[in-house]
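# Analysis of the macromolecular model
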Amino acid sequence: MLDEKAVTYVRLNLYPCCPRPDKGLGFKPHSDGNMLTVLLANVAGFQSPVHKVVTNAERKRVSVGAFYTLDPEREVEPATELVSEDRPKRHEKMKTSDYIRELQESLARGERVVDRVKI
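Residues numbered from 1 in each chain as written. Predicted model: local features only at pLDDT ≥ 70, side-chain atom pairs only at ≥ 80, totals over all residues. Heavy atoms only, no water.

## As for the overall build of the protein
A count of helices and strands for the protein gives two helices and five strands. N-terminal to C-terminal, the α/β element order of the protein is β-β-β-β-β-α-α. For the protein, the C-alpha atoms occupy an extent of roughly 50 × 30 × 25 Å along the three principal directions. By element, 54% of the accessible surface of the protein is carried by carbon and sulfur atoms, the whole surface being about 8,900 Å². (Helix = DSSP H or I, 4+ residues; strand = E, 2+ residues; numbered from the N terminus. Areas by Shrake-Rupley, 256 points an atom, 1.4 Å probe, with all protein chains shown as cover.)

Here you go:
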């Protein structure tokens, strides 16, 4: 368990074959706002923190994502071991719930949340 009030959820996705993948909608490029994502998929694709779902003309895509979050009231910040005079903090301490709110607003605007919460 990651935290006493942690939330864990699972998303099951099925993307059927699409004869015109260029016309498919799917998700915008995004980064997951949780602490840990575990993804099981029949098609490779999740290759970077910023990613998007794309359709395929030949194969349907099936994925199962497990998302682990922290207590919404827990404050998170850069690890002190990673901060130095040469590598100053780029982000302030914030509650998990505030970060998730920023993430959702960023997705709606097509922005990256890491750019919105920088110092």
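## Things to note about the packing of aromatic side chains
The full count for this structure, using the stated rule, is one aromatic pair. Look at Tyr 9 and Phe 67: their rings are 5.0 Å apart centre to centre, the planes differ by 20°, and that puts the pair in the stacked class. Of this pair, Tyr 9 sits in strand 1 (residues 8-15) while Phe 67 sits in strand 3 (residues 61-68), placing them 58 residues apart in sequence. Assessed through its relative accessible area of 37%, Tyr 9 is described here as partly exposed. (Phe/Tyr/Trp six-rings, centres within 6.5 Å; stacked < 30°, edge-to-face > 60°. Buried < 20%, exposed > 50% of the residue type's maximum accessible area, 1.4 Å probe, protein only.)

## A look at helix 1 (residues 96-109)
Three or four residues apart is the spacing at which side chains of an α-helix point the same way, because the helix has 3.6 residues per turn. Between its first and last C-alpha atoms helix 1 spans 20 Å; for 14 residues at 1.5 Å apiece the expected length is 20 Å, and the two agree. Next to the buried residues of helix 1 lie strand 4 (75-76), strand 5 (94-95) and helix 2 (113-116). Remark: Gly 110 follows helix 1 within two positions and exhibits a positive phi of approximately 75°. (Expected span 1.5 Å × (residues − 1). Contact = heavy atoms within 4.5 Å.)

## Regarding the sheet that holds strand 1
Either a parallel or an antiparallel arrangement is found when strands of a sheet pair, and the pairing is made through backbone hydrogen bonds. Spatially, the three strands line up as an open sheet ordered 1-3-2, and their pairing is antiparallel. Only two strands of the sheet have a single neighbouring strand rather than two, namely strand 1 and strand 2 (36-41). The mean inter-strand angle of the sheet, taken between neighbouring strand axes irrespective of direction, is 15°. Two elements, strand 1 and strand 3, share eight bridges in a ladder whose sense is antiparallel. The residue bridging Tyr 9 from the neighbouring strand is Phe 67, located in strand 3. (Pairing = 2+ DSSP bridges. Axes fitted to C-alpha atoms, helices over the stretch in contact; angles between N-to-C directions.)

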